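Commentary on secondary and tertiary structure
Given next are the chains, with one letter for each unit.
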Amino acid sequence: MARRAISTITGGATRSVLGIHVFHCPDVVGIVAKLSECIASRGGNIRSVDVFVPENSEFVFDPTHWPRDVVDNDFIKLSKLFSAEKSIVRVPDLDPKYKIVILASKQEHCLVDLLYKWQEGRLPVDISCVISNHQRAPNTHVIRFLERHGIPYHYLPTSVGNKREAEILELVEDTDFLVLARYMQILSGRFLESYGKDIINIHHGLLPSFKGGSPSKQAFDAGVKLIGATSHFVTQELDAGPIIEQMVERVSHRDTLQSFVQKSENLEKQCLLQSIKSYCELRVLPYQENKTLVF
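Calculation criteria
- Residues numbered from 1 in each chain as written.
- Predicted model: local features only at pLDDT ≥ 70, side-chain atom pairs only at ≥ 80, totals over all residues.
- Heavy atoms only, no water.
- Phe/Tyr/Trp six-rings, centres within 6.5 Å; stacked < 30°, edge-to-face > 60°.
- Helix = DSSP H or I, 4+ residues; strand = E, 2+ residues; numbered from the N terminus.
- Buried < 20%, exposed > 50% of the residue type's maximum accessible area, 1.4 Å probe, protein only.
- Salt bridge = Lys/Arg side-chain N within 4 Å of Asp/Glu carboxyl O.
- Arc of directions from axis to C-beta.
- Expected span 1.5 Å × (residues − 1).

As annotated in an unreviewed UniProt entry, the protein carries the name Formyl transferase N-terminal domain-containing protein and is attributed to Musa acuminata subsp. malaccensis.

1. Some details on the packing of aromatic side chains
Throughout the structure, instances matching the rule amount to 14 aromatic pairs. Judged by centre distance (4.6 Å) and plane angle (55°), the rings of F177 and Y279 are tilted. Linking F177 in strand β9 (residues 177–180) with Y279 in helix α8 (residues 257–280), this pair joins segments that are 102 residues apart in sequence. For the pair shown, F177 and Y279 are each scored as buried.

2. So, the pattern of salt bridges
One side chain can pair with another of opposite charge once the charged atoms of both are near each other. Taken as a whole, this structure holds 13 salt bridges when the rule is applied. In this structure, the salt-bridge partner of D72 is R68, at a minimum N-O distance of 3.0 Å. Residue D72 and its partner R68 are both found in helix α2 (residues 68–81); the two are separated by four residues, about one turn of the helix. Judged by relative accessible area, R68 falls into the buried class, the value being 19%. Residue R182 is joined to E268 by a salt bridge in which the shortest nitrogen-to-oxygen separation is 3.6 Å. Separated by 86 residues along the polypeptide, R182 in the loop between β9 and α6 (189–195) and E268 in helix α8 bring together distant segments of the chain.

3. Brief notes about helix α1 (residues 31–41)
All buried positions along α1 are accounted for by I31, L35, C38 and I39. Each buried residue of α1 lies within a common arc of 95° when the element is viewed along its axis, so the set occupies one face.

4. Considering α2
Taking 1.5 Å as the rise per residue, α2 with 14 residues should run 20 Å; its terminal C-alpha atoms sit 21 Å apart, in good agreement. Turning to α2, its buried residues number three or more, namely R68, V71, D74, F75, L78 and S79. Each buried residue of α2 sits inside an arc of 140° when the element is viewed along its axis, so together they form one side. Opposite the buried face of α2, at more than 90 degrees from it, the exposed residues are K77, K80 and L81. Once α2 ends, the next one or two residues include S83, with phi positive near 50°.

Right under this line is the structure:
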């Protein structure tokens with residue numbers, strides 16, 4: 001697998017753009033040479049390459065000399081040549097942003113952080129809507145934010161016998177992937193199979209030692225010294241999907257319960273944001289049965 005970036009240099013003024021290419025194929029002699037030749041022949045320049053066999057690369061190029069559709073066609077030819085399992089090209093400045101839906105429950109620190117990072121242009125996605133099993137009053141800051149930016153909010157209360165999955169599937173049909181920003185409902189295997197695309201989840205790093213209600217207080221009372229957060233892909237096995245990102249922070253006897261919880265929530269926000277950005281930049285590559293490579 002490879003990830004590479006390219007730039008063209010010509011006599012006149014040019015506008016170079018960044019391209020990202022993920023290439024996964026059986027390991028044979030000449031793969032990197034052929035990919036490099038393809039990019040150079042179009043006036044592009046490789047900026048970085050990560051090779052793990054899978055390989056991941058970034059390149060910058062001038063779209064006036066190498067049109068976007070030709071980029072795809074060139075790499076399709078190479079993928080056929082090497083019997084590639086995967087060949088994905090993304091040009092963030094030219095391609096549409098990934099379309100996502102955020103699902104959240106009552107806790108809203110992750111939801112609010114994603115919304116404000118999106119507003120600041122630090123989250124490279126388009127948010128189609130927010131879905132929640134928690135009702136929020138019209139004058140709350142989340143609802144006001146969403147209304148101000150024209151993002152629909154769908155309140156779908158759930159019960160033991162009805163998780164509203166059919167309605168959720170209708171709302172997320174045209175998305176590229178989903179984000180669970182502390183959505184405290186378990187998605188069924190039938191839902192995962194019907195949706196068929198990636199779902200990114202975040203949870204605190206206090207599992208599996210501190211389960212159930214008030215895990216932060218349990219951990220605080222137990223005097224833990226490290227806390228963390230884990231972002232991962234959702235699978236049918238609860239909180240056991242391939243890990244995308246993990247972050248930790250030290251805590252001590254000097255922390256109050258309030259500062260302890262604040263540190264834990266900050267880690268969740270940072271970890272979720274980083275995992276989404278890495279995913280959108282094609283830096284997260286599935287590897288083996290339950291692993292990822294993150295370049």
